[in-house]
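Structure at a glance
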Amino acid sequence: MWTKAASAAALVLLCSCRAQPSDPPFPNAHRDVAPIVGDSFSTEDARDRLGEAEDVMQLAGVTPGMSVADVGAGEGYYTVRLARVVGPKGRVLAEDIMSDVRDELSDRVQRESLDNVAVKLGTPDNPMLPGQSFDRAFLVHMYHEVQSPYAFLWHLREGLKPDGLAIVVDSNRAVKHHGIPPQQLKCEFAALGLDPVKFKPLPGGDDYFMAFRLARPRPAPAQIKACDG
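Below you will find a few notes about this structure.

Rules behind the numbers
Residues numbered from 1 in each chain as written. Predicted model: local features only at pLDDT ≥ 70, side-chain atom pairs only at ≥ 80, totals over all residues. Heavy atoms only, no water. Buried < 20%, exposed > 50% of the residue type's maximum accessible area, 1.4 Å probe, protein only. Helix = DSSP H or I, 4+ residues; strand = E, 2+ residues; numbered from the N terminus. Right-handed = clockwise from strand over helix to strand, strands pointing away. Salt bridge = Lys/Arg side-chain N within 4 Å of Asp/Glu carboxyl O. Polar contact = N/O pair within 3.5 Å; in protein donor to acceptor, adjacent residues only side chain to side chain. Contact = heavy atoms within 4.5 Å. Core = buried A, V, L, I, M, F, W, Y, C linked by side-chain atoms within 4.5 Å. Pairing = 2+ DSSP bridges. Disulfide = S-S within 2.5 Å. Patch = residues over 30% accessible without salt bridge, like charges linked within 9 Å, V, L, I, M, F, W, Y side chains within 5 Å. Areas by Shrake-Rupley, 256 points an atom, 1.4 Å probe, with all protein chains shown as cover. Phe/Tyr/Trp six-rings, centres within 6.5 Å; stacked < 30°, edge-to-face > 60°. Lys NZ or Arg CZ within 6 Å of the ring centre and 35° of its normal.

Describing the pairing of strand β1 (residues 67-71)
Along a regular strand, successive side chains alternate from one face of the sheet to the other. When you tally the buried positions in β1, you get five out of five residues, the bulk of the element. Burial along β1 is two-sided: Ser-67, Ala-69 and Val-71 and Val-68 and Asp-70, pointing in opposite directions, are all buried. In this fold, the crossover linking β1 to strand β2 (residues 91-96) by way of helix α4 (residues 77-86) has right-handed handedness.

Here's the deal with the pattern of salt bridges
Per the stated rule, a full pass over the model turns up eight salt bridges. A salt bridge links Glu-158 to Arg-218, with the nearest nitrogen and oxygen atoms 3.8 Å apart. Taken together, the residues span a long stretch of sequence, with Glu-158 in the loop between α6 (149-156) and β5 (160-171) and Arg-218 in the segment after β7 (207-214) at a distance of 60 residues. Take Arg-218: its relative accessible area is 32%, and that puts it in the partly exposed class.

Remarks on the side chain of Asn-126
Among the structural elements, Asn-126 can be located in the loop between β3 (117-121) and β4 (134-140). There is a polar contact of 3.4 Å between the side chain of Asn-126 and the side chain of His-155. With residues near it in sequence (within four places) discarded, Asn-126 still touches Glu-95 and His-155.

Topic: the nonpolar core
Grouped together as the largest cluster of nonpolar side chains are 33 residues, with contacts concentrated most on Leu-139, Tyr-143, Phe-152, Leu-156, Leu-185 and Phe-189. Sorting the residues of this core by element identifies β1, β4, α6, β5, α7 (182-190) and β7 as the ones contributing at least two each. Top element by residues in this core is α6. It accounts for six residues. Once residues lying within four places of it in the same chain are set aside, the contact partners of Phe-152 are Val-71, Pro-124, Asp-125, Pro-127, Leu-139, Met-142, Tyr-143 and Val-146.

Topic: the pairing of β2
Most of β2 is tucked away, with five of its six residues classed as buried. In this structure, β1 lies alongside β2, joined through five bridges in parallel fashion. Across the sheet, residue Ala-69 finds its bridge partner in β2, namely Leu-93. Handedness of the crossover is the feature at issue here: the chain leaves β2, passes through helix α5 (residues 99-111), returns alongside β3, and the resulting connection is right-handed.

Let's talk about the state of the cysteines
Here, the word disulfide means a covalent bond between the sulfur atoms of two cysteines. Scanning the model with the defined rule gives one disulfide in all. With its sulfur 2.0 Å from that of its partner, Cys-187 forms a disulfide with Cys-227. Because the sign of the S-S torsion sets the handedness, a value of about -100° for the bond joining Cys-187 and Cys-227 places this disulfide among the left-handed ones. Within this pair, whereas Cys-187 is found in helix α7, its partner Cys-227 is found in the segment after β7, the two being separated by 40 residues in sequence.

Some points on a nonpolar patch on the surface
Residues Ile-36, Ile-97 and Met-98 make up a contiguous nonpolar surface patch of about 230 Å² in total accessible area. Assignment of secondary structure puts Met-98 in the loop between β2 and α5. Using a relative accessible area of 35% as the deciding quantity, one classes Met-98 as partly exposed.

A short note on unusual backbone geometry
Unusually for a residue other than glycine, Gln-132 sits at a positive phi of about 50°. With respect to the helices, strands and loops of the structure, Gln-132 is situated in the loop between β3 and β4. Of note in the backbone geometry, His-141 takes a positive phi value of approximately 50° without being a glycine. With respect to the element layout, His-141 can be found in the loop between β4 and α6.

Some details on the packing of aromatic side chains
Across all of its chains, the model carries seven aromatic pairs by this definition. Ring geometry for Tyr-77 and Tyr-78: centres 5.3 Å apart, planes at 80°, overall edge-to-face. With a relative accessible area of 2%, Tyr-77 lands in the buried category. Classification of Tyr-78 as buried rests on a relative accessible area of 3%. With centroids separated by 5.6 Å and ring planes inclined at 40°, the aromatic side chains of Phe-199 and Tyr-208 adopt a geometry described as tilted. Residue Phe-199 is classed as partly exposed on the basis of its relative accessible area of 41%. Cluster of aromatic residues (ring-pair linked, three or more members): Tyr-143, Phe-152, Phe-189 and Phe-212. Over the face of the ring belonging to Trp-154 we find Arg-218, whose NZ or CZ atom lies 3.5 Å from the ring centre.

As structure tokens, then:
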């Protein structure tokens with residue numbers, strides 16, 4: 001006859017043989033994914049001469065007191081400029097997935113006494129944003145490098161306030177050439193219930209600005225329909 005202890009041991013053994021829980025399955029990208037590169041492709045002075053950050057922040061409607069996220073912040077070009085615009089009553093969360101980049105950005109934030117900036121380490125599939133916390137989430141020249149865009153957007157959208165916007169700056173060219181065509185971008189965001197509210201080409205080349213709002217509830221991962229690349 002089995003004792004209670006023997007029964008409990010058998011149950012533990014049975015459970016250990018079963019598959020362990022894992023993250024929900026998301027569709028693959030179904031397109032090229034660009035390799036990760038640093039954001040030192042152009043000096044900050046050169047970008048300032050084009051007025052890039054000023055134009056983007058104005059188009060995004062960034063104002064003092066806002067809470068904003070700089071996702072894939074890299075060396076912090078947008079982080080430091082967003083910090084100045086949102087001011088002491090605003091907040092900036094600068095996120096990156098590379099620990100050495102995060103550490104260098106933390107040093108810069110301290111060096112420049114940006115008291116309204118916090119720096120955070122995320123993962124490739126999840127920027128780890130606090131829920132419903134941000135008026136704007138900026139994805140600047142980085143979305144085409146995201147390995148699992150549907151998982152990434154599934155998590156990212158939860159960080160936006162109900163009236164918040166996801167702001168994308170990218171280039172209208174093939175993903176393998178470090179860009180993403182606007183129609184592809186719209187399709188992938190729509191798959192996660194995000195619709196565009198503003199689009200504008202940016203000066204100086206093939207870059208563009210696009211803003212997205214929460215339009216529908218977040219779908220279950222198994223219900224996401226991937227776009228053709």
